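Given next are the chains, with one letter for each unit.
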Amino acid sequence: MAKTILATDQKETPDDQILGKDWAGEYQLLCTTYAADEVVLQVRPGGNPSSWHTAKYNGSDIKFTAVGDIFDVKLVRDYEYRLLTANAGAEVIIAKHNIHG
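All chains use their own residue numbering, which begins from 1 and follows the written sequence. Where local features are concerned, this predicted model is filtered to residues with pLDDT of at least 70; where side-chain atom pairs are given and counted, the filter is 80 or more; whole-chain, interface and lining totals use all residues. Remark: hydrogens and water are excluded; side-chain values derive from all non-hydrogen atoms of the structure.

Turning next to the pairing of strand S8 (residues 70-75). Burial along S8 is one-sided: the residues Phe-71, Val-73 and Leu-75 are buried and none of Ile-70, Asp-72 and Lys-74 is. As judged from the six bridges shared by strand S2 (residues 25-33) and S8, these two strands associate in the antiparallel manner. The partner of Leu-29 across the bridge, within S8, is Phe-71. Accessibility here uses a 1.4 Å probe with only protein chains present; expressed as a share of the type maximum, an area under 20% marks a residue as buried, one over 50% as exposed, and anything in between as partly exposed. By the criteria applied, helices consist of DSSP H or I runs no shorter than four residues and strands consist of E runs no shorter than two, each listed in order from the N terminus. Two strands are said to pair when DSSP picks up at least two bridges between them.

pLDDT measures the predictor's confidence residue by residue and takes values from 0 up to 100. Here the protein averages 93 in pLDDT, while 97% of its residues score no lower than 70. When pLDDT is averaged over each helix and strand of the protein, the minimum, 92, is found for strand S5 (residues 56-57) and the maximum, 97, for strand S7 (residues 63-64).

Attention now moves to the layout of surface pockets. For the largest pocket, the calculated volume is near 160 Å³. Lining the largest pocket are 13 residues, and of these Ala-55, Ile-62, Val-73, Lys-74 and Tyr-81 sit closest to its centre. Sorting the residues of the lining of the largest pocket by element identifies strand S3 (39-45), S5, S8 and strand S9 (79-85) as the ones contributing at least two each. Of the residues forming the lining of the largest pocket, the biggest block, four residues, is contributed by S8. For cavity detection a 1 Å grid was placed over the protein atoms alone, and a set of points counts as a cavity when a 1.4 Å probe fits there but cannot get out; an open set counts as a pocket when protein lies on both sides within 12 Å along at least five of seven lines, with lining residues being those that have an atom within 4 Å of a point. Grid points are joined across faces, edges and corners, and a volume is the space filled by probe spheres set on the points.

Let's shift gears to the side chain of Arg-82. Counting through the fold element by element, Arg-82 comes out in strand S9. We call two N or O atoms a polar contact when they sit within 3.5 Å, provided that within protein one can donate a hydrogen and the other can accept it, with sequence-adjacent residues counted only if both atoms are side-chain atoms. A distance of 3.4 Å separates a polar atom in the side chain of Arg-82 from a polar atom in the side chain of Glu-12. Within polar-contact distance, the side chain of Arg-82 engages the side chain of Gln-42 at 2.7 Å. Only heavy atoms enter the contact rule, under which two residues are in contact if any of them lie within 4.5 Å. Ignoring anything within four residues of it in the chain, the contact list for Arg-82 reads Glu-12, Thr-13, Ile-18, Val-40, Leu-41, Gln-42 and Trp-52.

Looking now at the nonpolar core. Residues belong to a common nonpolar core when they are buried Ala, Val, Leu, Ile, Met, Phe, Trp, Tyr or Cys residues joined through side-chain atoms within 4.5 Å. Leu-29 and Leu-83 are the most contacted members of the largest nonpolar core, which totals 20 residues. Among all residues touching Leu-83, those that are not within four sequence positions of it are Ile-5, Leu-6, Lys-11, Glu-12, Thr-13, Val-39, Val-40, Leu-41, Phe-64 and Val-92.

A separate point is the pattern of salt bridges. By definition here, a salt bridge exists when the distance from a side-chain nitrogen of Lys or Arg to a carboxyl oxygen of Asp or Glu is within 4 Å. Counted under the stated rule, the structure contains four salt bridges. With its nearest N and O atoms 3.4 Å apart, the salt bridge here joins Glu-12 to Arg-82. A residue pair is termed long-range when its members are at least 10 positions apart, and Glu-12 in the loop between strand S1 (3-6) and S2 and Arg-82 in strand S9 qualify at 70 residues. The partner of Lys-63 in a salt bridge is Glu-38, with the nearest N and O atoms 3.4 Å apart. Here Lys-63 is found in strand S7, whereas its partner Glu-38 is found in the loop between S2 and S3, with 25 residues between them in sequence. According to the relative accessible area criterion, Lys-63 is partly exposed, its value standing at 41%.

The structure is reproduced here in C-alpha cells:
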C-alpha cells in the first residue's frame, strides 16, 4: 500500500517518517501533487543528522518537477532518505515494487 512521505503542507519529510533501515528494498516514488518548487531526494548515512546530500542518478539530481514524475529506487539498510522542497505544496508517495518480497 502506498504511503505519503511528503505532504502538501510540508517542506521536508518529517523526522518520524524518514525512510530508514526498515525501508530497505525496491520502491517507486510518485509525485501526485506539484506546486512550483522542485522536490529533491536526499540521502545520508544512518543516524548522522548533519550529513544530508541530494541524491543523484547518473550525475543528475533526483528531483520531481511535475505531477506524475516517477522514480524507481533501491533503498539500502544503512542509509536514510527524505524529500526536501523550498516551499510546501507538493505531495510524493512511495510504494514497494514487490509486496511479497
